[in-house]
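This is what each chain is made of:
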Amino acid sequence: MDKALFLAAADAATRSYSPYSKFRVGAALLCGDGSVILGTNVENRSFGLTICAERSAIVAAISSGKREFKAIAIATPDSTYAVGPCGACRQVLSEFLPPDALVEFGSRADDIQCCTIAELLPHDALHDLKT
Ligand code: THU
């Protein structure tokens, strides 16, 4: 458990643009080089265009040249329980994080759940399409 990574995610959540759901989400991605890239959810009045915090962090990280990731923390300060990544984010995270990478999520720093990418997305396949 990396509490500092979770606190970074909680900080990112304070910058959420979520005027429609009022549900702030922050993500902190630990890169292979030890740096941390943040993301937050960015909503749109055309609701389907909303970008989740996790994908926001992945896009920012890839855009700044990062390709290796060790872990991700997700903070949902407006929930009363730990909220794991949505299905779309699980798929996108599995594109870049290895199956044994840790995913921490929680509403508060004293209630963090932890699992691996493989646990979030079992029976993952088709990585060989890249070759
Ligand atoms: N949201 C995320 O940022 N990540 C998730 O994994 C679940 C949902 C955002 C999208 C939307 O802005 C708000 O939370 C409510 O669904």
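First, a word on scope: everything that follows refers to the structure included in this document.

Parameters at a glance
- Residue numbering note: each chain is counted from 1, following its sequence as written.
- Totals for whole chains, interfaces and linings use all residues, but because this is a predicted model, local features are given only for residues with pLDDT of at least 70 and pairs of side-chain atoms are given and counted only at 80 or more.
- As a rule here, side-chain values come from all non-hydrogen atoms in the structure, and water together with hydrogens is ignored.
- Every helix listed is a DSSP run of H or I at least four residues long, and every strand listed is a run of E at least two residues long, numbered separately from the N terminus.
- For this analysis, residues touch if any pair of their heavy atoms sits within 4.5 Å.
- Any residue with a non-hydrogen atom lying within 4 Å of a molecule or strand is treated as near it.
- Within 3.5 Å is the distance limit for a polar contact, defined as a pair of N or O atoms, with the added protein rule that one can donate a hydrogen and the other accept it, and that residues adjacent in sequence qualify only through two side-chain atoms.
- All accessibility values rest on the Shrake-Rupley procedure with a 1.4 Å probe; residue burial counts only the protein chains present in the view.
- Residue classes follow a fixed rule: Ala, Val, Leu, Ile, Met, Phe, Trp, Tyr, Cys and Pro count as nonpolar, while Asp, Glu, Lys and Arg count as charged, and any other residue, Gly among them, counts as polar.
- Strand pairing is assigned whenever DSSP identifies at least 2 bridges connecting the two strands.
- An axis is simply a line fitted to the C-alpha atoms; with a helix, the fit covers only the stretch in contact. Between two such axes, the angle follows the N-to-C directions and lies from 0 to 180 degrees.
- We count a salt bridge whenever a side-chain nitrogen from Lys or Arg sits within 4 Å of a carboxyl oxygen from Asp or Glu.
- Note on angle classes: values under 35 degrees are labelled roughly parallel, values over 145 roughly antiparallel, values of 65 to 115 roughly perpendicular, and the remainder oblique.
- We call a crossing left-handed when the near helix sits turned anticlockwise from the far one by less than a right angle, and right-handed when that turn is clockwise.
- With a 1.4 Å probe rolled over the protein chains alone, any residue whose accessible area is under 20% of its type maximum counts as buried; one over 50% counts as exposed, and the rest are partly exposed.
- By definition, the arc is the one covered by directions from the helix axis to the C-beta atoms.
- A crossover gets the label right-handed when its path from the first strand over the helix to the second runs clockwise, viewed with the strands pointing away from the viewer.

### Remarks on the environment of V83
Here V83 shows up in the loop between strand 3 (69–75) and helix 3 (87–96). Between the C-alpha atoms of V83 and E104, which are 21 residues apart in sequence, the distance is 9.9 Å. In this view, V83 contacts F23, T76 and F105; residues no more than four positions away in its chain are not counted.

### Focus: the site of the ligand
The environment of the ligand is made up of S21, F23, V25, N41, E43, T50, C52, A53, E54, P85 and C86. Side-chain polar atom of N41 to an oxygen atom of the ligand: 2.9 Å apart, as the coordinates give it. Burial of the ligand by the surrounding chains reaches 78%, relative to a free accessible area of 370 Å². Classifying every residue of the shell around the ligand by side-chain character gives six nonpolar, three polar and two charged.

### Points about the sheet that holds strand 1 (residues 26–31)
If you walk across this open sheet you meet the five strands as 2-1-3-4-5, and the pairing is mixed. Strand pairing shows two members of the sheet lacking a second neighbour, strand 2 (36–40) and strand 5 (112–116), which therefore form its edges. If you compare each strand with its neighbour and ignore which way they point, the axes differ by 15° on average. Here strand 1 pairs with strand 2 via five bridges, running antiparallel.

### Comments concerning the pattern of salt bridges
Using the criterion set out here, one finds four salt bridges in the structure. Here D78 ties to R24 by a salt bridge, and the two come within 2.7 Å at their closest N and O atoms. Pair noted here: D78 is in the loop between strand 3 and helix 3 and R24 is in the loop between helix 1 (3–13) and strand 1, with a separation of 54 residues, a long-range link. The partner of R108 in a salt bridge is D110, and the shortest N-O contact between them spans 2.8 Å.

### So, the packing of helix 2 (residues 53–63) against helix 3
One way to put it is that helix 2 packs onto helix 3 with a least axis distance of 9 Å and a crossing angle of 30°. Judged by the inter-axis angle, helix 2 sits roughly parallel to helix 3. Considering how the two elements wind past one another, helix 2 and helix 3 form a crossing that is left-handed. The segment helix 2 lies against helix 3, with E54, R55, I58 and I62 engaging A88, C89, V92, L93 and F96. The residue makeup of the contact of helix 2 with helix 3, split by class, is seven nonpolar, no polar and two charged.

### Looking at helix 1
Within helix 1 the residues assigned to the buried category are L5, F6, A9, A12 and A13. One face of helix 1 carries all of its buried residues, which in axial projection span an arc of 115°. Among the structural elements, strand 1, strand 2, strand 3, strand 4 (102–106) and strand 5 are those in contact with the buried residues of helix 1. Measuring from the backbone nitrogen of A4 back to the side-chain oxygen at the start of helix 1 gives 3.2 Å, which picks out D2 as the cap.

### Overview of the pairing of strand 4
Summarising burial for strand 4: four of the five residues are buried, a large majority. As paired elements, strand 3 and strand 4 share five bridges and run parallel to each other. Within the sheet, the bridge partner assigned to A73 lies in strand 4 and is E104. In this fold, the crossover linking strand 3 to strand 4 by way of helix 3 has right-handed handedness. The pairing of strand 4 with strand 5 spans five bridges and is antiparallel. Bridge assignment links E104 to a residue of strand 5, and that residue is C114. Hairpin connection from strand 4 to strand 5: five residues lie between these consecutive antiparallel strands.

Keep in mind these values describe shape, not function.
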